[in-house]
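# Descriptive analysis of the structure
Read off the chains here:
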Amino acid sequence: QLLGIDAPLAVGVVQDPGAADRYVPYVWQSGIALPDRDYYLAKEPKQVETRKKYQAYVRDLLAAADVKDADAAAARILALETRMADAHWTRVQNRDVEKTYNRYELAEAAKLTPGLDWPAFLDGAGAGKVTTLIVSQPSFFTKAFARFSRSPASMRSALLSTSQRGFAKRPGSYFFSSSAIAFTS
């Protein structure tokens, strides 16, 4: 997240909502580029058009980075993000402060996300050596990590690096294309 790469989860250190005298790592759902799950799942014409524009934008980013068959890769990235979005909590669910406060020992958190080394991840994210964390949307982690880990490694890599593709051709410059302008306007 510090590098601007959207991963399946986001992390920050916050004052513990359940114990104001301490700070704790707080993790929440991520892994999608569009604002929320409805942008991927809704069938209304506006959302369908937004997805088309987003896919064209991703295609252009990948093509600028010389990714072969950028059209197909962009379609696969959108499909993976859609599977991730399906696991996301709704806006209403996310407003429930009691349901989003889930304190876990790291060993318990590992059961939500098999294969994720929580101590190494949190240390790498700058949280240091910790034993507990707050998981905002536990069911998201279970579903999303299962879906993400079943995806081909090449797709996981492409998804994780897509947000950086805008800088692929020339460091320090942002990639603009007609699809970027269409997508963001």
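Small disclaimer: the values here were computed from a predicted structure and weren't measured.

A few words now on the overall build of the protein chain. A count of helices and strands for the protein chain gives nine helices and four strands. Starting at the N terminus, the α and β elements of the protein chain follow one another as β-β-α-α-α-α-β-α-α-β-α-α-α. Within the protein chain, the proportion of its 185 residues that are buried is 42%. Contacts spanning at least 24 positions in sequence make up 66% of the contacts within the protein chain whose residues lie at least 6 apart.

Right, let's talk about the packing of helix α2 (residues 45-64) against helix α3 (residues 70-87) for a bit. Contact pair α2 / α3: the axes reach a minimum separation of 8 Å and the direction vectors enclose 130 degrees. Judged on the interaxial angle alone, α3 and α2 are oblique. Crossing of α2 over α3 shows right-handed handedness. Packed against α2, whose contacting residues are R51, Y54, Q55, V58, R59, L62 and A63, the element α3 presents A70, D71, A73, A74, A75, I77, L78 and E81 at the interface.

What follows deals with the packing of α3 against helix α7 (residues 138-150). Put simply, α3 and α7 touch, their axes get as near as 8 Å, and they point 160 degrees apart. In this view, α3 runs roughly antiparallel relative to α7, as classed from their interaxial angle. Along this stretch, α3 crosses α7, giving a crossing that reads as right-handed. For the pair α3 and α7, contact is made by L80, R83, M84, D86 and A87 and by F140, K143, A144, R147 and F148, respectively.

A word on the sheet that holds strand β4 (residues 132-135). Pairing is mixed in the open sheet, where four strands are placed in the order β1-β2-β4-β3. Strands at the two margins of the open sheet, each flanked by one partner only, are β1 (9-15) and β3 (103-105). For this sheet the average axis-to-axis angle between neighbouring strands, irrespective of direction, equals 35 degrees. Strand direction decides the pairing type here: strand β2 (residues 23-29) and β4, joined by two bridges, are parallel. Along β4, the bridge assignment pairs Y26 with I134. Of the strands in this sheet, β1, β2, β3 and β4 touch α7, which is tilted by about 55 degrees from β2.

Our focus in this paragraph is the nonpolar core. Core analysis: the largest hydrophobic core is formed by 36 residues, its most contacted members being V27, W118, L133 and F141. Looking at this core, the elements with two or more residues in it are β1, α2, α3, α5 (106-112), α6 (118-124), β4 and α7. With nine residues, the single largest contributor to this core is α3. Once residues within four sequence positions are removed from consideration, W118 is found in contact with L9, V27, L106, A109, A110, T113 and L133.

Each value, and the rule that gives it
Residues numbered from 1 in each chain as written. Predicted model: local features only at pLDDT ≥ 70, side-chain atom pairs only at ≥ 80, totals over all residues. Heavy atoms only, no water. Helix = DSSP H or I, 4+ residues; strand = E, 2+ residues; numbered from the N terminus. Buried < 20%, exposed > 50% of the residue type's maximum accessible area, 1.4 Å probe, protein only. Contact = heavy atoms within 4.5 Å. Axes fitted to C-alpha atoms, helices over the stretch in contact; angles between N-to-C directions. Parallel < 35°, antiparallel > 145°, perpendicular 65-115°, else oblique. Left-handed = near helix turned anticlockwise from the far one by under 90°. Pairing = 2+ DSSP bridges. Core = buried A, V, L, I, M, F, W, Y, C linked by side-chain atoms within 4.5 Å.

The quantities given are spatial measurements derived from coordinates; they are silent on function.
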